[in-house]
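# Structural features, examined
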Amino acid sequence: MALHPIISFLTQETCFADHLSLQVALDRKTSFKCNAQAAAVFSPTHVDEVGLFLQKTAQAGFYYLQDFHVLGKGSNLLFRDGGYPGCLIDLTRLNKIETIAKDQVWKLDAQAGVGMGRLLQLLRKDAYTGFEFVFGIPGSIGGGIRMNAGTPDGWFSQVLTQVQGFDAYGTYFTQAVGEDDFLYRDFPFGTDKIITGGSFVFAKSTSEIVEKKIALAKVKRDRQPLSYPNFGSVFKNPKPAFAGALIEEVGLKGYRLGDAQISEQHANFMINHGKARFVDVEALIQTAQEKISQEKNIYLETEVHILGEA
Ligand SMILES: Cc1cc2nc3c(=O)[nH]c(=O)nc-3n(C[C@H](O)[C@H](O)[C@H](O)COP(=O)(O)OP(=O)(O)OC[C@H]3O[C@@H](n4cnc5c(N)ncnc54)[C@H](O)[C@@H]3O)c2cc1C
């Protein structure tokens, strides 16, 4: 297969050499352990390096979302079997948390690569509330902002006050945000941006309250098939219905193709028994969509983002 032009460009630019890896297996970069490769992964350690990457690639005529893409912790991403031909910007090394003020509320800035679980543990230790809903979500702050990650008990949009990042040409922005800027599993402003961090506010509470909320979240997580690689919910819930219940009602719970299977434990999860191929995952997704459309007259929209070549 011919090399994507962005790969030749990046390998010739010496300023990227320290943080550029070629032919990167994506099983370690995705929670589903996708059996594919990325032609290149750029892993910046400083926000300025992200800006430089964007400016230089834009000047050379490459486009965000076409020639390169952002990777958080890969817990909501699937790659087609042919892999990703361009460059992924892996933001997980941008992982600083900075306190702005800490009293009755804790105001802090967290970079895109900070794990949601790490921030939750920090808040838990000092009994600040508002982030317990992320318990068990294996994503990054950047991915959480982009996806407005959450559960019925809370969403990113409820604790975020500002988002920082770059547009596709490498111009830095800070953007104040409120709940109205977000949708269910979406942050429209962030669609064509590279988010490098967010500012959050959490209220002081008591350990008893925080632990109670975490215990409730844990009960829900115990119903999920977490012993297998998965990518969280396959479909968005078509409110007021639940995707998992619909899949179960049309008899697809446990349906398996190759190493990909609709979980027997939770029908809106798909699990990887080892070497699941994207074509099998895709066929399971399409089968569920078709059956539910025919039998229930409801269209299920995928929640997971899909990248790469067939
Ligand atoms: C076991 C399990 C449970 C889950 N439970 C939940 C849940 O309860 N609620 C929920 O909402 N989700 C859940 N998820 C899905 C997933 O964890 C979330 O969507 C999470 O926010 C994704 O973060 P990430 O860092 O892994 O993003 P990735 O999967 O790496 O990326 C997701 C998308 O966001 C984009 N993106 C990532 N980072 C950035 C950035 N910095 N700037 C711009 N774009 C970016 C990517 O390009 C991609 O399009 C679950 C997943 C698993 C595996």
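What you see is a predicted model; the values in this text were computed from it and never measured.

Scoring rules and cut-offs
- Residues numbered from 1 in each chain as written.
- Predicted model: local features only at pLDDT ≥ 70, side-chain atom pairs only at ≥ 80, totals over all residues.
- Helix = DSSP H or I, 4+ residues; strand = E, 2+ residues; numbered from the N terminus.
- Buried ≥ 20, exposed ≤ 12 C-beta atoms within 10 Å, placed from the backbone.
- Contact = placed C-beta atoms within 7 Å.
- Near = placed C-beta within 6 Å.
- Nonpolar A, V, L, I, M, F, W, Y, C, P; charged D, E, K, R; others polar.
- Core = buried A, V, L, I, M, F, W, Y, C linked by C-beta atoms within 7 Å.
- Pairing = 2+ DSSP bridges.
- Axes fitted to C-alpha atoms, helices over the stretch in contact; angles between N-to-C directions.
- Expected span 1.5 Å × (residues − 1).
- Arc of directions from axis to C-beta.
- Domains from an automatic or database assignment.

## Digging into the overall build of the protein
- When helices and strands are counted, the protein shows seven helices and 17 strands.
- Counting every position in the protein, which comprises 310 residues, the buried fraction comes to 40%.
- A fraction of 67% describes how many contacts in the protein between residues 6 or more apart in sequence connect residues 24 or more apart.

## Overview of the site of the ligand
- Taken together, 34 residues are adjacent to the ligand, and Gly72, Gly139, Gly142, Gly143 and Gly232 come closest.
- Looking at the shell around the ligand, the elements with two or more residues in it are strand 3 (68-71), helix 4 (141-147), strand 9 (150-151) and strand 13 (194-204).
- Here the shell around the ligand is built from residues that sort into 13 nonpolar, 19 polar and two charged.

## Quick notes on the nonpolar core
- Counting 83 residues, the largest nonpolar core has Cys87 and Ile89 as its most contacted members.
- Top contributing element to this core by residue count: helix 7 (residues 278-296), with six residues.
- Those residues in contact with Cys87, other than ones at most four positions away along the chain, are Ile6, Ile7, Leu10, Ala39, Ala40, Val41, Phe42 and Phe68.

## So, the sheet that holds strand 3
- With mixed pairing, the four strands of this open sheet are ordered in space as 1-2-5-3. With one partner strand each, in any of the chains shown, strand 1 (20-25) and strand 3 form the two edges of the open sheet. Neighbour to neighbour, the strand axes of the sheet diverge by 35° on average, direction disregarded.

## Considering helix 5 (residues 207-221)
- For helix 5, spanning 15 residues, the distance from its first C-alpha to its last is 21 Å, which sits close to the expected 21 Å at 1.5 Å a residue.
- Residues of helix 5 that are buried include every one of Val210, Lys213 and Ala217, and no others. Looking down the long axis of helix 5, one finds its buried residues gathered within 65° of arc, a one-sided arrangement. Across from the buried face of helix 5, at angles greater than 90 degrees, the exposed residues are Ser207, Glu208, Lys212, Ala215, Lys218 and Val219.
- On its buried face, helix 5 sits against helix 3 (116-125) and strand 8 (128-129).

## Quick word on the pairing of strand 13
- As paired elements, strand 7 (residues 105-111) and strand 13 share seven bridges and run antiparallel to each other. Paired with Val105 across the two strands is Ala203, which belongs to strand 13.
- Taken together, the two bridges between strand 8 and strand 13 define a ladder with antiparallel strand orientation. Bridging across to strand 13, Tyr128 finds its partner in Lys204.
- Across six bridges, strand 11 (residues 160-166) lies against strand 13 in antiparallel orientation. Note that in strand 13 the partner of Val163 across the bridge is Gly198.

## Digging into the domain arrangement of the protein
- Under the domain assignment, the protein is made up of domain 1 (5-90), domain 2 (97-221) and domain 3 (243-307).
- Each of domain 2 and domain 3 was reduced to a C-alpha centroid, and the two centroids are 29 Å apart.

## Focus on the sheet that holds strand 14 (residues 256-257)
- Taking strand neighbours across the sheet as the criterion, the three strands line up as 14-15-16 in an open arrangement whose pairing is antiparallel. Unpaired on one side and paired on the other, strand 14 and strand 16 (270-272) mark the two borders of the sheet.
- Direction of pairing for strand 15 (residues 260-262) relative to strand 16: antiparallel, over a ladder of three bridges. Counted as the bridge partner of Ala260 is Asn272 from strand 16.
- Each of strand 14, strand 15 and strand 16 is contacted by helix 7, which is oriented at about 20° to strand 15, the strand it contacts most.

## Focus on unusual backbone geometry
- Of the consecutive residues Lys239 and Pro240, the connecting peptide bond is found in the cis state with omega at 5°.
- Structurally, the position occupied by Pro240 is in the loop between helix 5 and helix 6 (243-249).
- Within the chain, Lys33 stands out as a residue other than glycine whose phi angle is a positive 55°.
- Counting through the fold element by element, Lys33 comes out in the loop between strand 1 and strand 2 (37-42).

## Structural notes on the environment of Leu284
- Here Leu284 shows up in helix 7.
- The residues contacting Leu284, other than those within four sequence positions of it, are Tyr255, Leu257, Ala260, Ile262 and Met270.

## Describing helix 3
- Looking at helix 3, one finds that the buried residues are Met116, Leu119, Leu120 and Leu123. One side of helix 3 carries all its buried residues, which in axial view fall inside an arc of 100°. Turned more than 90 degrees from where helix 3 packs its buried face, Gln121 and Lys125 sit exposed.
- Contact partners of the buried residues in helix 3: strand 6 (97-102), strand 7, strand 8, helix 4 and strand 13.

## Here's the deal with the environment of Leu94
- Turning to its location among the elements, Leu94 is positioned in the loop between strand 5 (84-90) and strand 6.
- By C-beta crowding, Leu94 is classed as buried, having 23 other C-beta atoms within 10 Å.
- Put simply, Leu94 and Thr45 are 49 residues apart on the chain and 5.6 Å apart in space, counted from C-alpha to C-alpha.

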